Structure formats: C-alpha cells, structure tokens
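Chain by chain, the residues:
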Amino acid sequence: MRILVTGGAGFIGSAVCRRLVLQTSAAVVNIDKLTYAADLTSLASIEGLGSYAFLQSDICDREAMDLAFADYEPDAIIHLAAESHVDRSITGPEAFVNTNIVGTYTLLEAARSYYERLPFTRRKQFRFIHVSTDEVYGSLGPDDLFREDTPYRPSSPYSASKAASDHLALAWFTTYGLPVIVSNCSNNYGPYQFPEKLIPLTILNAIDRKPLPVYGDGRNIRDWLHVDDHAAGLIRLLYEGRPGEKYNFGGDGQRSNLEVVTQVCDVLDRLSPGAGARRSLITFVPDRPGHDARYAIDASKAHRELGWEPTRTFERGLAETVGWYLKNRAWWERARCGVYDGSRLGLLVAQH
Ligand SMILES: NC(=O)c1ccc[n+]([C@@H]2O[C@H](COP(=O)([O-])OP(=O)(O)OC[C@H]3O[C@@H](n4cnc5c(N)ncnc54)[C@H](O)[C@@H]3O)[C@@H](O)[C@H]2O)c1
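Structure report, in brief. (Residues numbered from 1 in each chain as written. Predicted model: local features only at pLDDT ≥ 70, side-chain atom pairs only at ≥ 80, totals over all residues. Heavy atoms only, no water.)

1. Observations regarding the overall build of the chain
Part 1 of the argument: Summing up its helical and strand segments, the chain has twelve helices and 13 strands in all.
Part 2 of the argument: Computed over its C-alpha atoms, the radius of gyration of the chain comes to 20 Å, within 12% of the 20 Å expected for a compact globule of 352 residues.
Part 3 of the argument: When the backbone C-alpha atoms are referred to their principal axes, the chain occupies close to 65 × 45 × 45 Å.
Part 4 of the argument: Every one of the 352 residues in the chain was classed for burial, and the buried ones make up 54%.
Part 5 of the argument: If you take every contact in the chain between residues at least 6 apart in sequence, the share linking residues at least 24 apart comes to 81%.
Part 6 of the argument: For the chain, the exposed area adds up to about 14700 Å²; of that, 52% sits on carbon and sulfur atoms. (Helix = DSSP H or I, 4+ residues; strand = E, 2+ residues; numbered from the N terminus. Rg over C-alpha atoms; globule rule 2.2 N^0.38 Å. Buried < 20%, exposed > 50% of the residue type's maximum accessible area, 1.4 Å probe, protein only. Contact = heavy atoms within 4.5 Å. Areas by Shrake-Rupley, 256 points an atom, 1.4 Å probe, with all protein chains shown as cover.)

2. Digging into a nonpolar patch on the surface
Part 1 of the argument: On the surface, a nonpolar cluster with roughly 240 Å² of combined accessible area is contributed by V97, V102 and Y105.
Part 2 of the argument: Secondary-structure assignment places V102 in helix α4 (residues 94-116).
Part 3 of the argument: By relative accessible area, V102 is classed as partly exposed at 36%. (Patch = residues over 30% accessible without salt bridge, like charges linked within 9 Å, V, L, I, M, F, W, Y side chains within 5 Å. Salt bridge = Lys/Arg side-chain N within 4 Å of Asp/Glu carboxyl O.)

3. Considerations on empty space enclosed by the protein
Part 1 of the argument: Tallied over the entire structure, the rule returns one cavity of 30 Å³ or more.
Part 2 of the argument: What the largest cavity holds in volume is close to 50 Å³.
Part 3 of the argument: Surrounding the largest cavity, V86, E135, S155, S156, S159, R288, P289, G290, H291, D292 and Y295 form its lining.
Part 4 of the argument: Taken together, the residues of the lining of the largest cavity break down into three nonpolar, five polar and three charged. (1 Å grid on protein atoms, 1.4 Å probe; cavity = no way out; pocket = protein on both sides within 12 Å on 5 of 7 lines; lining within 4 Å. Points joined across faces, edges and corners; volume = space filled by probe spheres on them. Nonpolar A, V, L, I, M, F, W, Y, C, P; charged D, E, K, R; others polar.)

4. Things to note about the packing of helix α2 (residues 62-72) against α4
Part 1 of the argument: Interaxial distance between α2 and α4 falls to 9 Å at its minimum, and their mutual angle equals 40 degrees. One element, α2, and the other, α4, form an angle in the oblique class. In this structure, the crossing between α2 and α4 has a hand that is right-handed. Here α2 contributes R62, M65, D66 and F69 to the contact with α4, which in turn contributes T106, L107, E109, A110, A111, S113 and Y114.
Part 2 of the argument: In terms of residue class, the contact of α2 with α4 is built from six nonpolar, two polar and three charged. (Axes fitted to C-alpha atoms, helices over the stretch in contact; angles between N-to-C directions. Parallel < 35°, antiparallel > 145°, perpendicular 65-115°, else oblique. Left-handed = near helix turned anticlockwise from the far one by under 90°.)

5. Quick notes on the site of the ligand
Part 1 of the argument: If you check the shell around the ligand, you find 29 residues, and the closest are I12, D32, S84, Y158 and K162.
Part 2 of the argument: D32 places a polar side-chain atom, nitrogen or oxygen, 2.5 Å from an oxygen atom of the ligand.
Part 3 of the argument: In the model, an oxygen atom of the ligand is placed 3.5 Å from a nitrogen or oxygen of the A82 main chain.
Part 4 of the argument: Considered on its own, the ligand offers 830 Å² of accessible surface; in the complex 96% of this is hidden by protein.
Part 5 of the argument: Looking at the shell around the ligand, the elements with two or more residues in it are α1 (11-23), β5 (127-133) and α6 (157-176).
Part 6 of the argument: The leading source of residues in the shell around the ligand is β5, at three residues.
Part 7 of the argument: Classifying every residue of the shell around the ligand by side-chain character gives 13 nonpolar, eleven polar and five charged. (Near = heavy atom within 4 Å. Polar contact = N/O pair within 3.5 Å; in protein donor to acceptor, adjacent residues only side chain to side chain.)

6. Some details on the layout of surface pockets
Part 1 of the argument: If you add up the space inside the second largest pocket, you get close to 160 Å³.
Part 2 of the argument: Counting only elements with at least two residues in the lining of the second largest pocket, the list comes to α1 and α8 (227-240).
Part 3 of the argument: Residue contributions to the lining of the second largest pocket peak at five residues, all from α8.
Part 4 of the argument: The class makeup of the residues in the lining of the second largest pocket is three nonpolar, four polar and six charged.

7. Remarks on the sheet that holds strand β4 (residues 76-79)
Working definition: the strands of a sheet are paired by backbone hydrogen bonds and lie parallel or antiparallel to each other.
Part 1 of the argument: The sheet built from seven strands is open, its strands ordered β3-β2-β1-β4-β5-β6-β11 with parallel pairing. Both edges of this open sheet fall to β3 (52-56) and β11 (246-249), since each of them pairs with a single strand only. When strand polarity is set aside, the average angle formed by the axes of neighbouring strands in this sheet is 20 degrees.
Part 2 of the argument: Contacts from α6 reach β5, β6 (180-185) and β11 within the one sheet, and its direction differs from that of β5 by about 155 degrees. (Pairing = 2+ DSSP bridges.)

8. What about unusual backbone geometry?
Part 1 of the argument: Non-glycine residue L34 carries a positive phi angle of around 65 degrees.
Part 2 of the argument: As for its position among the elements, L34 is in the loop between β2 (27-32) and β3.
Part 3 of the argument: Even without being a glycine, E73 presents a positive backbone phi close to 40 degrees.
Part 4 of the argument: Relative to the helices and strands, E73 is located in the loop between α2 and β4.
Part 5 of the argument: Residue classification places E73 among the partly exposed positions, given a relative accessible area of 37%.

9. Concerning the environment of P191
Part 1 of the argument: Its location among the elements puts P191 in the loop between β7 (188-189) and α7 (198-207).
Part 2 of the argument: Along the backbone, P191 and G103 are 88 residues apart, and their C-alpha atoms lie at a distance of 27 Å.

10. Side note on the pattern of salt bridges
Part 1 of the argument: Taken as a whole and assessed by the stated rule, the structure comprises 20 salt bridges.
Part 2 of the argument: A salt bridge links E320 to R312; the nearest nitrogen and oxygen atoms lie 2.9 Å apart.
Part 3 of the argument: Judged by its relative accessible area of 32%, E320 falls in the partly exposed class.
Part 4 of the argument: When its relative accessible area of 18% is taken as the criterion, R312 is described as buried.
Part 5 of the argument: Between R329 and E333 there is a salt bridge, with its nearest N and O atoms 3.0 Å apart. With a gap of four residues between them, R329 and E333 both fall in helix α12 (residues 329-338), about one helical turn apart.
Part 6 of the argument: Overall, the relative accessible area of 35% leaves R329 in the partly exposed class.
Part 7 of the argument: In the salt-bridge network here, residues are joined through shared partners; they are D228, R312, R316 and E320.

Structure below.
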C-alpha cells in the first residue's frame, strides 16, 4: 500500500510514519507544512529509506494537494495535519479555522477528485482516515463515557474546528461516497510530543525543578492513551474500519490532571533523584477558559470491530515517556529554546 500521511512531522503523525515504514510493508509520503509544532528529526529513523518520502506543503493549497495525489497515487490517506493545542486556539483561533476546517475541506476535495478517477478495484480499497479528538463531544459528568453516537458539543475553538472537520469528512462519505472513516481519540502521550502539552511540559519543568502549573483545582479528568497504541489503531482502521463509520480510541486511563502531574514528579524522583520531592513544585494557576471537566472513552467498538487493544498501562507508558525525555534532551532542547519556552498560553486579557 502507498499511504499519504498529512501532519507526519508532528507528534502522532511521526509515530504513524515510523510504524508504517518500520513495521509494515507500506510506502509512505508525509505531507507537512512544518509549523512550529513539527520536527523532522522525529523521523530520523526512517529518513533516507526508499519506502519513505517527505513533501513540505500546506493542506490548504489545493493545487499542491492535487499534484501530490497525481504524483504519489496513494491507496489511502491518514489525515493528521492540524493545529492541535487548545490554549493556542484561545489566543489565536484563525489558524485553527484555516488548517482544521478549510485544510480538511481542501484535502477532501482533492481526494474526491483523485478517487473518482481511480479504476474500480482501486476505488474499492481506497480509504480516507480522518483523525480527530474526543474533545468534539464536550464535557462529561462524573460517570458517563463518550460513545460514537454521543452528540457533539465542542467547547474550545480547537474542538469546534475539529468538530466542523468531522462533519465535513462524514458528509463527503454520505454525499459523494468518498470512503471516509473518522477516529476520535482521547489525549495522547509518549515520546516526541512538543513540550507545550501537559505531560511533556510537566516533565521538562520538573527536570529543571521549575514550578509545575496545574490549571484550576487540578480535578479535570482526561483519558490517556500512549501514542504508539493510537498509531496501531489508526493502521487497523485502514484494513478493518468500515467506511462512513466513527471509531473512538481510548486507553481506559482516566486520571485527573493533578494525578498526572504528581505521577510525573514521583517517576522523575525515582529516575533522577536529587534536591527534594518534586511534588513541592506543583503550583495551582487560573483555569483555562471553557475548560471541560471530564473526558472518558468507550472504545468497545474499536475492540470489537478492529481487534484493537491498548498494550500499555498508563503507569508503564508514563515511566517510559519520562525516561525518553531524560535521554533525549537534544530533541526537546531545540523546541524549548528556539520555539516555545514553556510560558503560559491561552489566558484571556480582560476587555474594557
Ligand atoms: N495530541 C493529542 O492528544 C490528540 C488526541 C486526539 C486527536 N488528535 C489529533 O491528531 C492529529 C495530530 O495531533 P498531534 O498532537 O500530532 O499534533 P501536532 O501539533 O504535534 O502536529 C501537527 C502537525 O501538522 C502539521 N500541520 C499543521 N498545519 C498544517 C497545514 N496547514 N498543512 C500541512 N501540515 C500542517 C504541523 O506542521 C505538525 O507537524 C490532529 O488532527 C489532532 O487534532 C490529537
């Protein structure tokens, strides 16, 4: 199979590219605009291999997307390119509307025009995997779970833009017959995550013994999934997923933000002991505007239909991840020093 991956220089996209190239017989072309969140060194293990190619391009550029489909003639596309950080979407929503909504629309149209010209046998195999988030469903009460038929109630500019793109993707199936599959996944963690999201930001601040900011009272709950388990699920979708369907992915790893930060401290104290317990660095800061209280995934459809199961507990995955950041300072120092220093994003300035 020849697979076109968008956003392959990002956190999840690079895990998907590495897994496809190193663990399957697929050939991959990675299309990425290389925004602040991208890092081509995450792909060093596959760079130069004959089954991997990179194209720097913007998914909003229709002409470039048409050319990419014509040049690479993919059998499938896994679409991950997005603006992905909620805090940044609060400060500057425009890029989120452009890439997540207009970019997805542009890609769907380029894919449709390519798909309609494919011979029948290749059309039967073609898949467009649209990668989305559980944040589209909004906030849960204490006991409920997100299912694939949970109504959409996005809270942030990020989740609203992803919700819009999910609706577009499924409409392209219903209206034009493009074989789209939508995945909605819970929070990912693991190696090569840009250090603006909770887990890598906390790890790096804790390594440097800087204050560890926790939003609000720290009781907001997320359902954590290791990025490699997510990548494995997305690849399963290519073969086992049913066009026109949605699939939720989650790791059965519900933890409050405060539990996550505390656990990072404890793992680091074990792996890199020194001047006192890092829990004392935890600092409560004003909450994110519109912060959803709880996300939790019912992934039984993915278990049943795809035969997919997460392979790591949160404890094991987190310990591996902390160990990875300790060993790979050169990777994160580039981002931390040159792109984002870890300061607070997404707070509203009072309007007068
Ligand atoms: N990180 C999570 O916890 C999580 C959970 C569920 C779903 N998702 C979804 O998975 C996808 C990937 O998330 P991530 O965390 O890897 O994001 P990321 O921010 O790490 O990477 C996004 C990548 O997309 C690229 N990109 C951005 N705009 C582009 C454009 N206009 N054209 C081409 N490339 C562009 C960036 O350069 C970057 O390499 C996103 O669609 C996100 O909504 C993420």
